[in-house]
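Geometric and topological summary
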Amino acid sequence: MHDDRTLVESRLKRVLDERIRPAVHPASVPLEVSVWTAPGEPVPVAEGLAAPRTPIAVGDAWGAPWGTSWITVTGTVPAEWAGRTVEALLDLGFDANMPGFQCEGLVYRPDGTPVKGLNPQNQWVRIAAPAAGGERVELHVEAASNPVILDYHPFLPTELGDKETAGSEPRYELARMDLAVFDETVWQLVMDLEVLGELMAELPVEGARRWEVLRAVERALDAIDLQDVNGTAAAARARLAGVLAAPAVPSAHRISAVGHAHIDSAWLWPLRETVRKVARTTANMTALLEDEPDFVYTMSQAQQYAWIKEHRPEVYARVKKAVADGRFVPAGGMWVESDTNMPSSEAMARQFVHGKRFFLEEFGVENQEAWLPDTFGFTGGLPQIIRNAGSKWLLTQKISWSQVNKFPHHTFLWEGIDGTRIFTHFPPVDTYNCSMKGSEIAHAARNFRDKGVARHSIAPTGWGDGGGGTTREMVAKAARLRDLEGSATVRWERPAEFFAKAQAEYPQPPVWVGELYLELHRATLTSQARTKQGNRRSENLLREAELWCATAALRTGLPYPYEELDRIWKTVLLHQFHDILPGSSIAWVHREAEATYAGLAAELEALIGRAQRALAGDAAGGRELVFNAAPHARAGVPAGAAGPGGTGPAGAGCSVTARAEGGFVLANGLLSVTVDGDGLVVSAVDLATGRETVAPGARANLLQLHPDFPNMWDAWDVDEFYRNTVTDLTGADSVTVAADAPDAAAVRVARSFGSSTVVQTLTLRAGAKRLDIDTEVDWHETEKFLKAAFPLDVHTERYAAETQFGHLYRPTHTNTSWDAAKFEACNHRFVHLDEPGWGVALVTASTYGHDVTRTVREDDGGTTTTVRFSLLRAPRFPDPRTDQGTHRFRHALVPGAGIPDAVREGYLISLPERTVTGSVEAVRPLVELDEDAIVVSAVKLADDGSGDLVVRVYEANGGRARGRLTTSFPLAGAVPCDLLERPWDGTRGEIAADGAGVTLALRPFELVTLRLTPGA
């Protein structure tokens, strides 16, 4: 037989495109269209419906960037259409290839009832099935003219990312606005041919199945009269029935499809637009659930449910009903799909606390899975947090984006830093926007790495990022793929059903230990420094507010601000979404985030001030009290207490001595630090051991500037070649003494480079075994990367970086491609390096990104290990003015530090003391621990208002620790809890409570939450 495959396949494409698809709507009449444009931000529905309209026609321009237009369409169903299915086809000027990234609409009836959303892949609104003829049609569209930011030539700088710079020129032209007949038979034929054509393209040419499908398609095309597609579609379908009925082979890969729309809570649109995106998508999905009995839809992010509840209660009522029916499935149990690298220990825990509690209270649903398809890598502390939240599974897809190494598993156990293991699945379809294309289904089956021992994978199905969700076409394709020879099988299933099946069939999966590092998007640890600093400051202030408000409540009876703290936490958690905190959103998002963080800081400062005032007593008392919110004693004040302060570690007074060759020597009896004439640290000697910290011939606190123009994903990525070119900022405008007093010695260094300036103050304080470095940068560079380098005389093959509830180790070498790919990584408050018996810590108050490299010196054969903190970037997409302006950073170099010192100094630099004048002599801590390795993460009142005190602790050093937690109030009971403050039903280390406290025995990095009931 001659090979005519190409001929038939080309015929199929043309006939589908030019004859069959147009025949889905064989008859149409135009609708009358009118419009009203809201003058500013979106208006309430009632106002939009009532506003006066002016006529507009197809082809007319509409929609300034970020504007809202209320478009009304009216018409009458022709009498001759009686008995037929009729739809309105409403094309706002869509680009069919960009769902979720352009204009969108939500359709309402005249009474304000929402009907469904409009997007490029969902332009129809069902009017009647069947029509009676003569029906009057009136629909209103709340149309959002969101500009296209990520265009066909992506990553070009644009001013469209903020309404303040986007201009007012219309972005769209109104396209088709018609009533049309919908021919169900032709539409089904389109689905038949698409599924078979896509399947055929994936089958081996030498296999019989491909040729059987090809011949059936050919026969179907022969049956179609191209001048009467509607009259011959049924005959064509009949010729395809046989190949569509052939069942899949028993060994076929099994795909659990779940409807999905990964809606970014902010990204290339502001938060307020996401509120409307969620409403449009959920309106569509609840309607599709009513039409398709097998279909199941899932949505994560409790915040998005809360938005619908507040802003679109009619849609929320439909969601609640669908949830109750088991068809609309809340997933993930987090407040948002957050970044997981940068949020603090408590913030990561509270993502699950607030997310799971919302789903429990609203729907009676408790999630067992964490659902993070698009998050940029996963911290090694996450498995324990998931388990402590009462969950046991994790889904993500993003690791498939890694640039260098292909992850070896799709289903596996992920082991965190404490040993907790979580059953984890990466969908081999390699997208969270599956559309049921044959190429996607075939890729999932071929790509699945666990063949022979497992057969199940999941496919989140629907348009995402900007929303849209699953379409009727995707559902129709899934129905045909349910049991089709040559294809993986497809079933609509809830995430929990998939995980239960996958775990049952694969009881001994492989284990991956440590972080799930994404070999991409590394620069999100640095972009948008103000957003990151706002997050860190908010986390620290929340810790303080909870601690002092709980203390004041138990000590003085001051009412605990439950509602205020709940609202503030939820706002902070929202801004940890994986395109806000990472700095990858448009300018509008980050401008608003900066203002939001400032408002939260003011609120939290007021709460802290009120609580401390209640605790300190009458200000006229004249006593100065130092409040210490850190989990370690400071200047004689215990952790979580207040006292007169003034006593700290032993050490001499501070001095600054000029050097003959330029620069100064700072000393305090614990450290001797030499700053040269260029303002760089050339020596930092630990006087207790005589050990030099700075590598021979090197200079520390060296600012370095790199070009920074990645191949794509500007705000997200830094590519390794950036290191090929570097400028050391060694020239100083001035190096002067900033302070010469008994309690501090400091040097001020001013530099200028490019269009920017930097001022650094290097301070050595009395009794402190650390050099504080305060940096102020007035940054006006473009596509540059600013680093602060510390070359250390330390030989080590690994270093520690703090993460949630502990730390993890990364290599300093590049032995393997996996090691080399980690050229930019995340830390929380510290990075620590050591040799046996001696180490160095570098601590930071607000930066996350860093890199560590090692070289061997030629002159003495010693090893120089260089730690560099990442300070600032200047990408131009999606925010063309990223990070321009003034920034302040604080770091510290801690010679002679072990891990316990790194933990302590990291907290101390992040939680500075507060001084309040009052009448009391001291404020005792609510709880005290006699073991420094056990660190208090949170002290708060229980969320249920019972008055119980919740204390969260963890082992911070990576070893086993025994300690006793005592209370300064009568203790009636102590119960281990999960993160939601419910009695813990799992196993714990040794915990024994009595009337005075609790005895703890913790495993390395073990996290324990205690619920303490005060006695009378």
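Just above sits the structure.
A brief report on the enclosed structure follows.

Another aspect to go through is the overall build of the protein chain. Each helix and strand counted, the protein chain has 19 helices and 53 strands in total. Scaling as 2.2 N^0.38, a compact globule of 1016 residues should have a C-alpha radius of gyration of about 31 Å, and the protein chain matches this with 31 Å. Expressed as lengths along the three principal axes of its C-alpha atoms, the size of the protein chain is roughly 100 × 70 × 60 Å. The burial tally for the protein chain puts 62% of its 1016 residues in the buried class. Put simply, 74% of the contacts in the protein chain that link residues at least 6 apart link residues at least 24 apart. When the accessible surface of the protein chain is totalled, it reaches about 35400 Å², and 51% of it is carbon and sulfur. Looking at charge distribution, the protein chain has the averaged site of its 101 positive side-chain charges lying 3 Å from that of its 132 negative ones.

This part covers the nonpolar core. One finds Leu90, Leu949 and Leu1012 to be the most contacted residues of the largest nonpolar core, which totals 211 residues. If near-sequence neighbours (up to four positions away) are discounted, leucine 949 is found in contact with Ala550, Leu554, Leu926, Val927, Val939, Lys940, Leu941, Phe969, Leu1010, Arg1011 and Leu1012. By size, the runner-up hydrophobic cluster in this structure holds 51 residues, among which are Ala695, Leu703, Val747 and Ala874.

Turning our attention to the packing of helix α1 (residues 5–20) against helix α3 (residues 184–202). Between α1 and α3, whose axes approach to 11 Å, the crossing angle comes to 155 degrees. Put simply, α1 runs roughly antiparallel to α3. In this structure, α1 crosses over α3, and the sense of that crossing is left-handed. For the pair α1 and α3, contact is made by Glu9, Leu12, Leu16 and Ile20 and by Val186, Leu189, Val190, Leu193, Glu194, Gly197 and Met200, respectively. A breakdown of the residues in the contact of α1 with α3 according to their chemical character gives eight nonpolar, one polar and two charged.

Look at any regular strand and the pattern is simple: side chains alternate between the two faces of the sheet. Note: strand β37 (residues 798–803) against strand β38 (residues 806–811), six bridges, orientation antiparallel. The residue of β38 that forms the bridge with arginine 798 is proline 811. The turn linking β37 back onto β38 is made up of two residues, and phenylalanine 805 within it adopts a positive phi angle of 55 degrees.

Further remarks concern empty space enclosed by the protein. All chains considered together, the criterion is met by eight cavities of 30 Å³ or more. Approximately 220 Å³ is the volume attributed to the largest cavity. Residue lining of the largest cavity: 18 residues in total, with Ser344, Glu346, Glu539, Asn540 and Arg829 positioned closest to the centre. Only α10 (345–363), α15 (529–556) and β47 (934–941) provide two or more residues apiece to the lining of the largest cavity. For the lining of the largest cavity, the element with the most residues is α15, which contributes six residues. Tallied by class, residues from the lining of the largest cavity come to six nonpolar, five polar and seven charged. Roughly 120 Å³ of volume is contained in the second largest cavity. If you go around the second largest cavity, you meet 16 residues; those closest to its centre are Asn341, Phe376, Tyr517, Leu518 and Leu525. Partitioned by chemical class, the residues of the lining of the second largest cavity number seven nonpolar, four polar and five charged.

Ordered by their spatial adjacency, four strands build an open sheet running β46-β49-β52-β51, and the pairing between neighbours is antiparallel. At either end of the open sheet lies a strand with only one pairing partner, and these are β46 (927–929) and β51 (991–994). Going across the sheet, the axis of each strand differs from the next one's by a mean of 15 degrees, ignoring polarity. Where β51 meets strand β52 (residues 997–1002), four bridges bridge the pair, whose relative direction is antiparallel. Bridge assignment links aspartate 994 to a residue of β52, and that residue is glycine 997.

Looking now at the environment of isoleucine 149. Along the chain, isoleucine 149 turns up in the loop between β10 (136–145) and β11 (172–173). Leave out the neighbours within four places in its chain, and isoleucine 149 touches Trp66, Thr158, Leu160, Gly161, Leu268, Ile586, Phe877 and Pro878.

A few words now on the packing of helix α7 (residues 271–291) against helix α9 (residues 313–324). It is the contact of α7 with α9, at a shortest axis distance of 10 Å, that shows an interaxial angle of 45 degrees. Considered as vectors, α7 and α9 are oriented oblique to each other. For the pair α7 and α9, the sense of crossing is left-handed. Here α7 contributes Ala279, Thr282, Ala283, Thr286, Ala287 and Leu289 to the contact with α9, which in turn contributes Val315, Arg318, Val319 and Ala322. A per-class count over the contact of α7 with α9 returns seven nonpolar, two polar and one charged.

Rules used throughout
Residues numbered from 1 in each chain as written. Predicted model: local features only at pLDDT ≥ 70, side-chain atom pairs only at ≥ 80, totals over all residues. Heavy atoms only, no water. Helix = DSSP H or I, 4+ residues; strand = E, 2+ residues; numbered from the N terminus. Rg over C-alpha atoms; globule rule 2.2 N^0.38 Å. Buried < 20%, exposed > 50% of the residue type's maximum accessible area, 1.4 Å probe, protein only. Contact = heavy atoms within 4.5 Å. Areas by Shrake-Rupley, 256 points an atom, 1.4 Å probe, with all protein chains shown as cover. Lys, Arg positive; Asp, Glu negative; His and termini not counted. Charge placed at Lys NZ, Arg CZ, Asp CG, Glu CD. Core = buried A, V, L, I, M, F, W, Y, C linked by side-chain atoms within 4.5 Å. Axes fitted to C-alpha atoms, helices over the stretch in contact; angles between N-to-C directions. Parallel < 35°, antiparallel > 145°, perpendicular 65-115°, else oblique. Left-handed = near helix turned anticlockwise from the far one by under 90°. Nonpolar A, V, L, I, M, F, W, Y, C, P; charged D, E, K, R; others polar. Pairing = 2+ DSSP bridges. 1 Å grid on protein atoms, 1.4 Å probe; cavity = no way out; pocket = protein on both sides within 12 Å on 5 of 7 lines; lining within 4 Å. Points joined across faces, edges and corners; volume = space filled by probe spheres on them.

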